[in-house]
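Residue-level structural notes
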Amino acid sequence: AVSGLTATAGTQKLYVTQMNAGGCESPRSEVTLTVQTKATAPVVTNPAPVCSGTNVTAADITSSVPTEAGTTYTWYNTATGGSPITISNITNIPAGVREYYVSKKTASTCESDRVKVTLTIVAMPATPTVTNFDDTCENTPLTASDLVNRVSNPTGTLKWYSSLASTTPLASAPTPVTTTAGTYTFFVSQQSGNCESPKSTITLRVVATPPTPTVANLDPVC
C-alpha cells in the first residue's frame, strides 16, 4: 500500500505488479495519479438586510460573492454534506435569518471549503395607529405636537409626508393651519432601521366660524 500521495499537487507515476502463488512476479504496469490543488474558499460579503414582506431575488443573494472568470460556484443549505441547491427568488419574505453556504472550483482545482452567507430579514414596523381630529373651529390654535399626539404608541421614528404618493418626507411634523374652513389630511409612517411602514392618514375638519349675529336694539320698555 502507498500512502501520502495527495499531500502535494501534481502528477505522480506509480507502478504495480502482481505475484502468483508460485512466487512469479508479472511485468509492471504504470498508473498515473493527478493531484489537483484545492481551490481557496470564496470571499463573500453578506447581503444588506432586507425588510420583511418584501421580495428578494436570487441575484440579491448570489451577488454577495464576486464572480471570477472560469470559476464555478456551488450553493448549499448546510456547512458540510447535503446536495447542491439552486438559489431562487423569495416573495413576501418573513422576518428572521437565512443562511446559505457557497464553495468554488475551477477546471484545474478541487472544490473549496464552503463559506456561509447570511441574509438578515428585519421585521417591518406596523402601520401607525392614528386618531382623526374632532371637528375644529376656524382659527383654533394647533401645534405640530397636536398632530404628533394623534399617533398612538409609535414603535419607530415617525416620518411625515405631504401626500400618500410622496416618497420625500417632510423635515418634521407639520403644524395644522385652521385659518380656512375645510378638510385637511396628513400622512405619517414609522421607520425602524431601514424598514418603513405604509402610511396612515390623519384627517382634520375645520368648521367655519358663524358670523356675528345682526341684531336690533329692543324698544324702550316700562
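The shown structure was predicted, so the numbers you read here are calculated from the model rather than taken from an experiment. Every residue gets a number counted from 1 within its own chain, in the order that chain's sequence is written. The predicted nature of this model means local features are confined to residues of pLDDT at least 70 and side-chain atom pairs, given and counted, to a pLDDT of 80 or more, with totals for whole chains, interfaces and linings taken over all residues. Side-chain measures here rest on the full set of heavy atoms in the structure, leaving out hydrogens and waters.

Attention shifts here to the environment of leucine 119. Helical segments are the DSSP runs of H or I of at least four residues, strand segments are the runs of E of at least two, and each set is numbered from the N terminus. Topologically, leucine 119 is positioned in strand E8 (residues 115–122). The cut-offs for exposure are 20% and 50% of the maximum accessible area for each residue type, with area from a 1.4 Å probe on protein chains only; residues under the lower value are buried, those over the upper are exposed, and the others partly exposed. In this structure leucine 119 comes out as buried when scored by relative accessible area, which is 2%. Separated by 71 residues in sequence, leucine 119 and alanine 48 have C-alpha atoms that sit 7.4 Å apart. Residues are treated as being in contact if the distance between any of their heavy atoms lies within 4.5 Å. When neighbours within four sequence positions are excluded, leucine 119 is seen to be in contact with Pro47, Ala48, Val50, Val56, Ile61, Ile93, Gly96, Val97 and Arg98.

Moving on, we come to the sheet that holds strand E4 (residues 50–51). One requirement defines pairing of two strands: DSSP has to find at least two bridges between them. Taken in spatial order, the 4 strands of this open sheet run E4-E8-E6-E5, and their pairing is mixed. With one partner strand each, in any of the chains shown, E4 and strand E5 (72–76) form the two edges of the open sheet. Summarising the sheet, E5 and strand E6 (residues 96–105) pair through 5 bridges and their orientation is antiparallel. Across the sheet, residue threonine 72 finds its bridge partner in E6, namely lysine 105.

Opposite charge on two side chains lets them pair, provided their charged atoms get close. Should a side-chain nitrogen of Lys or Arg be within 4 Å of a carboxyl oxygen of Asp or Glu, the pair is scored as a salt bridge. Applying the stated criterion across every chain, the model contains 6 salt bridges. Glutamate 30 is the partner of lysine 13 in a salt bridge, and the nearest nitrogen-oxygen pair spans 3.4 Å. Note that lysine 13 is positioned in strand E1 (residues 10–16) and glutamate 30 in strand E2 (residues 29–35), a separation of 17 residues in sequence.

Attention now goes to the packing of aromatic side chains. Note on ring pairs: Phe, Tyr and Trp rings are taken, using the six-membered ring of Trp, and paired if centres are within 6.5 Å. Classes follow the plane angle, with under 30 degrees stacked, over 60 edge-to-face and the rest tilted. Scanning the entire structure with this criterion turns up 0 aromatic pairs. The criterion is that NZ of a Lys, or CZ of an Arg, lies within 6 Å of the ring centre and within 35 degrees of the ring normal, and then a charge sits over that ring. Taking the ring centre of tyrosine 76 as reference, the NZ or CZ of arginine 114 above it sits at 3.4 Å. The residue whose ring lies beneath arginine 150 is phenylalanine 133, and the NZ or CZ to ring-centre distance is 5.0 Å.

Here we come to the side chain of threonine 71. Within the secondary structure, threonine 71 sits in the loop between helix H1 (58–62) and E5. Here threonine 71 is in contact with Lys104, Lys105 and Thr106, once residues within four sequence places are set aside.

Moving on: the state of the cysteines. Pairs of cysteine sulfur atoms within 2.5 Å are what we label disulfides. Here the structure, examined in full by the defined rule, presents 1 disulfide. The residue that forms a disulfide with cysteine 51 is cysteine 195, at a sulfur-sulfur distance of 2.1 Å. Here the S-S torsion is close to -105°, and the disulfide linking cysteine 51 with cysteine 195 is therefore left-handed. Here cysteine 195 lies in strand E14 (residues 195–196) and cysteine 51 lies in strand E4, a separation of 144 residues in the sequence. By the burial criterion, cysteine 51 is buried, and cysteine 195 matches it.

Okay, the nonpolar core next. Nonpolar side chains in soluble globular proteins generally cluster together in the buried interior. Buried Ala, Val, Leu, Ile, Met, Phe, Trp, Tyr and Cys residues that are joined via side-chain atoms within 4.5 Å together make up what is termed a nonpolar core. Counting residues in each nonpolar core, the largest one holds 15 residues, and the members touching the most others are Val56, Ile61, Trp75, Tyr100 and Leu119. Where this core is concerned, the elements lending two or more residues are H1, E5, E6 and E8. Residue contributions to this core peak at 3 residues, all from E8. If we skip the residues at most four places from it in the chain, tyrosine 100 touches Ile61, Trp75, Tyr76, Asn77, Ile85, Ile87, Ile90, Val115, Lys116 and Val117. Within the second largest apolar cluster, 11 residues are counted, among which are Val151, Ala173, Phe186 and Leu204.

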